[in-house]
Amino acid sequence: MQLTLGPVLYNWQPGQWRDFYFRIAEEAPVDVVAIGEVVCSKRSPFFAGHMPAVIERLAACGKQVVLGSLILVSLQRERRQMAELAANTDFMVEANDLSCLGALADRPHAIGPFVNVYNEAAAAYFAGRGARRICLPPELPLDSIRTIATALCDVTTEVFAFGRLPLAISARCYHARLHKLSKDNCRFICEQDPDGLPVATLDGEPFLAMNGVQTMSHACANLLGEAGALAAAGVRALRLSPQQCDMVAVARIFRDVIDGSRTYEDGMRQLSRVYPDVPFANGFVHGEPGAAFIADKAGASLRARRPQAGGAMR
Amino acid sequence: MELICPAGTPAALRAAVGAGADAVYCGFRDETNARNFPGLNFSHEELRSGIAHAHAHGVKVLVAINTFARAGALDLWRRAVDAAVGAGADALIVADVGVLDYAARRHPDQRLHVSVQAAAANPDAIDFYVKAFGVRRVVLPRVLSVAEIAAIVREVGCETEVFVFGGLCVMEEGRCSLSSYATGQSPNMNGVCSPASHVHYREQDGELISRLGAFTVNKFSAGEPAGYPTLCKGRFQTAHATGYLFEDPVSLDATAMLPALRKAGVTALKIEGRQRGRAYIERVVRNFRTRLAELDDGVPAPLDDLVALTEGQSTTAGAYRKSWR
């Protein structure tokens, strides 16, 4: 089982962004790193200057670098950016919508979690056009994941396994709207919330998180307990989505539990320490509301197996 | 511009045909369409007779097979495609690449439209569907301004259709899992958003509380009209403000944008509302038919105020005005 670090979905300070990836390159046991601004094209100029050095460091440390495309492309400027991205032949591009698929045709590429691959026919269609990796939409239940992964043995099927769930994208910027700013003159206000802006119900119950034009879950996806079941279903990579926490530690915990060198129970305890105060969720994969955490199902396949030195699920 | 009207039932189809629709769109009574609500939609036999009725009046029928097929159950979607083609549908409205691929291969002469659920928001994405599946029309997501729509029309090799009235998705269609986050049921997988089966109302301390799944979506004080708890139109709180943070409980009304949409070169105008009754359909369709005639003749016609019919009794031109963003 591979580990993929998904792109940073929030508006982080450029220096923090660069240092985050430098540390990931050196220390995180991840196999693939998807990188680039996929949420809001207005943010990308800020860290574009750091991009070459970050990519170089990641590659030098043996990480496979994948360049993510924008989720929602509507401006001419964004189309040009996507055309340039698709023209990059040094690294695999991860398409987060169909805009750059034409330009990527028949070249190996990845399909990101924002492209609607809900079944084996859609997956096979994309695979037939050069998709080598497909990260499935987070709302898919395990039965669907298994059917798709089993049908496509030549493609690396990936599942969103850690981080706030990206639930929706809009033309409207909710951060700007909340702060009574126009989207065109947003003052990049989303930088105030590098882990998302908490949205609670009127009862005060945490519910969602705003991230500019994107709406995220409050709860943090955590499929550590499902890693075994996902591996058995044919999934070959788990995606860890960056939050404001020690993502190197998160990657190590996933790696260790998958490899059997740490128990699931200990892994969960550690994850709760690394990213405290945010509830975990695994509902989608069990066909339940995405916000739910189904405790009796999580870890079932791992508890059945005692820790061992070998990498049985690798 | 063609007027594309919703029909959730055979009665609504007849109402739309009678009120001046150029085309009616409808779906089968199952999870293959994005308005999979109890008591709605068509059996195969109802579709056949509905198409016969519409065609007898010179009206086209477009069949929406626009959810994303469930893995391992593709046959249900394929059978829906075959049945719609067999019934003589003038076009199929499809979102799923797997279903489009099947329809294009199996029925190469069948006219295909890209559903709004496919979120094809720019010429490159639209071009992909045209080249890959030979689609003839794209229904544009409700994220674009009129100027952007005009630019798309100039560039793409297929017709365009835009929503002008009814329910308004605030998020880009086909890319929203808010509903399933709270209920386990989503537009993409189940053809429902914020489903009624998961809605609960209760009174507490003089307030009416609406909940969806395990979450409070709104609270109404005594006398305040209580809307349906669609997630993106609920009231929530942050450290900065409390209220309708995503969108007010409004509906789309692009009546004022009709001249601009025509100038933009849009082929067809779509009215949302397959879940609506025949009286609503009749009145809205007739109103838009009048507006279009007025546009053609340049003679102003009396206005029928449709606001009272809409969700929340207030309307917006949505993303068609850039300031909405």
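Residues numbered from 1 in each chain as written. Chains lettered and ligands numbered in written order. Predicted model: local features only at pLDDT ≥ 70, side-chain atom pairs only at ≥ 80, totals over all residues. Heavy atoms only, no water.

1. Structural notes on the overall build of chain B
Okay, step 1: Counting its secondary structure elements, chain B contains 10 helices and 15 strands.
Okay, step 2: In terms of C-alpha radius of gyration, chain B reaches 19 Å, essentially the compact-globule figure of 20 Å for 325 residues.
Okay, step 3: Counting all 325 residues of chain B, 61% fall into the buried class.
Okay, step 4: Counting contacts in chain B only where the partners sit at least 6 residues apart, residues at least 24 apart contribute 61% of the total.
Okay, step 5: Of note, chain B has its 35 positive side-chain charges centred 1 Å away from the centre of its 35 negative side-chain charges. (Helix = DSSP H or I, 4+ residues; strand = E, 2+ residues; numbered from the N terminus. Rg over C-alpha atoms; globule rule 2.2 N^0.38 Å. Buried < 20%, exposed > 50% of the residue type's maximum accessible area, 1.4 Å probe, protein only. Contact = heavy atoms within 4.5 Å. Lys, Arg positive; Asp, Glu negative; His and termini not counted. Charge placed at Lys NZ, Arg CZ, Asp CG, Glu CD.)

2. With respect to the packing of helix α10 (residues 247-259) of chain A against helix α11 (residues 264-274) of chain A
Geometrically, a packed helix pair is captured by the angle between its two axes and the distance between the axes.
Residues and elements named next belong to chain A.
Okay, step 1: One can describe the packing of α10 onto α11 by two numbers: an axis separation of 10 Å at closest approach and a directional angle of 175°. Considering their axes alone, α10 and α11 lie roughly antiparallel with respect to each other. When α10 is examined against α11, the residues Ala249, Val250, Ile253, Phe254 and Val257 are found in contact with a partner set consisting of Tyr264, Gly267, Gln270, Leu271 and Val274.
Okay, step 2: Across the contact of α10 with α11, the residue classes tally to eight nonpolar, two polar and no charged. (Axes fitted to C-alpha atoms, helices over the stretch in contact; angles between N-to-C directions. Parallel < 35°, antiparallel > 145°, perpendicular 65-115°, else oblique. Nonpolar A, V, L, I, M, F, W, Y, C, P; charged D, E, K, R; others polar.)

3. A word on the packing of aromatic side chains
Okay, step 1: Enumeration according to the criterion identifies 22 aromatic pairs over all chains in this entry.
Okay, step 2: Centre to centre, the rings of tryptophan 17 of chain A and phenylalanine 47 of chain A are 4.2 Å apart; their planes meet at 25°, and the pair counts as stacked. A residue pair is termed long-range when its members are at least 10 positions apart, and tryptophan 17 of chain A in helix α1 (residues 14-27) and phenylalanine 47 of chain A in helix α2 (residues 44-48) qualify at 30 residues. Taken as a pair, tryptophan 17 of chain A and phenylalanine 47 of chain A share a single burial class, namely buried.
Okay, step 3: By the ring-pair criterion, three or more aromatic residues cluster together here, those being Tyr174, Phe207 and Phe284 of chain A together with Tyr181, Phe215, Phe236 and Phe246 of chain B.
Okay, step 4: One Lys or Arg, lysine 270 of chain B, reaches over the ring of tyrosine 25 of chain B and ends 4.2 Å from the middle of that ring. (Phe/Tyr/Trp six-rings, centres within 6.5 Å; stacked < 30°, edge-to-face > 60°. Lys NZ or Arg CZ within 6 Å of the ring centre and 35° of its normal.)

4. So, the interface of chain B and chain A
In many reports, interface size means the accessible area that the parts give up when they come together.
Okay, step 1: Counting residues at the interface gives 63 residues for chain B, matched by 63 residues for chain A.
Okay, step 2: When chain B packs against chain A, close to 5300 Å² is buried across both sides, 58% of that on carbon and sulfur atoms.
Okay, step 3: As a salt-bridge pair, arginine 211 of chain B and aspartate 203 of chain A come within 3.6 Å of each other at their nearest N and O atoms.
Okay, step 4: Of all elements in the fold, only α3 (74-86), α4 (97-106), α5 (123-133), α6 (146-155), α7 (178-183), α8 (187-190), β10 (215-220) and β11 (236-237) of chain B reach the threshold of two or more residues within the side of chain B that touches chain A.
Okay, step 5: Considering only residue class, the side of chain B that touches chain A consists of 30 nonpolar, 17 polar and 16 charged. (Buried area = accessible area lost by both parts, 1.4 Å probe. Salt bridge = Lys/Arg side-chain N within 4 Å of Asp/Glu carboxyl O.)

5. A word on the environment of histidine 240 of chain B
Okay, step 1: Along the polypeptide, histidine 240 of chain B turns up in the loop between β11 and β12 (242-243).
Okay, step 2: Sequence spacing of histidine 240 of chain B and aspartate 90 of chain B is 150 residues, and the spatial spacing of their C-alpha atoms is 50 Å.
Okay, step 3: Filtering out sequence-adjacent residues up to four positions away, histidine 240 of chain B remains in contact with Leu178, His179 and Leu197 of chain A.

6. Brief notes about the nonpolar core
Okay, step 1: Phe126, Phe162, Leu238 and Phe254 of chain A together with Tyr129 of chain B are the most contacted members of the largest nonpolar core, which has 233 residues in total.
Okay, step 2: Ranked by residues supplied to this core, first place goes to α10 of chain A with nine residues.
Okay, step 3: Two domains each provide a minimum of three residues to this core, namely domain 1 (2-168 + 250-324) and domain 2 (186-243) of chain B.
Okay, step 4: Val32, Ala34, Val66 and Ala110 of chain A belong to the second largest nonpolar core, which has five residues in total. (Core = buried A, V, L, I, M, F, W, Y, C linked by side-chain atoms within 4.5 Å. Domains from an automatic or database assignment.)

7. Some details on the side chain of glutamate 161 of chain B
Residue and element names in this part refer to chain B.
Okay, step 1: Assignment of secondary structure puts glutamate 161 in strand β7 (residues 159-166).
Okay, step 2: Looking at glutamate 161, its side chain comes within polar contact range of the side chain of arginine 137, at 2.8 Å.
Okay, step 3: With residues near it in sequence (within four places) discarded, glutamate 161 still touches Ile4, Leu62, His113, Arg137, Val138, Val139, Leu140, Ala268 and Lys270. (Polar contact = N/O pair within 3.5 Å; in protein donor to acceptor, adjacent residues only side chain to side chain.)

8. Overview of unusual backbone geometry
Excluding glycine, a negative phi dihedral is what most residues carry, and trans is how most peptide bonds are arranged.
Okay, step 1: Notably, arginine 187 of chain A is not glycine yet its phi reads approximately 55°, a positive angle.
Okay, step 2: Residue placement: arginine 187 of chain A occurs in the loop between α8 (174-178) and β8 (197-200).
Okay, step 3: On the accessibility criterion, arginine 187 of chain A (60% relative accessible area) is exposed.
Okay, step 4: In this structure, asparagine 41 of chain B is a non-glycine residue whose phi angle is positive, near 80°.
Okay, step 5: Assignment of secondary structure puts asparagine 41 of chain B in the loop between β2 (23-26) and α2 (44-56).
Okay, step 6: Among the residues examined, asparagine 41 of chain B registers a relative accessible area of 2% and is labelled buried.

9. With respect to the confidence of the model for chain A
Okay, step 1: For chain A, per-residue confidence averages 94 on the pLDDT scale, and 94% of positions sit at 70 or higher.
Okay, step 2: pLDDT under 50 marks residues 304-314 of chain A. Its contacts with residues more than four places away, or in other chains, come to 24 contacts. (pLDDT = per-residue confidence, 0-100.)

10. A look at the environment of alanine 104 of chain B
Residues and elements named next belong to chain B.
Okay, step 1: With respect to the helices and strands, alanine 104 occurs in helix α4.
Okay, step 2: As a C-alpha pair, alanine 104 and alanine 132 span 28 residues in sequence and 8.8 Å in three-dimensional space.
Okay, step 3: Apart from the residues lying within four places of it in its own chain, the contact partners of alanine 104 are Leu112 and Phe133.

11. Quick word on α1 of chain A
Given 3.6 residues per helical turn, the α-helix brings residues three or four places apart onto the same face.
Okay, step 1: Compared with an ideal rise of 1.5 Å per residue, which puts 14 residues at 20 Å, α1 of chain A spans 20 Å between its outermost C-alpha atoms and is within 8% of the ideal.
Okay, step 2: Tucked inside the fold, the buried residues of α1 of chain A contact β1 (2-5), β2 (32-35), α2, α3 (51-60) and α10 of chain A. (Expected span 1.5 Å × (residues − 1).)

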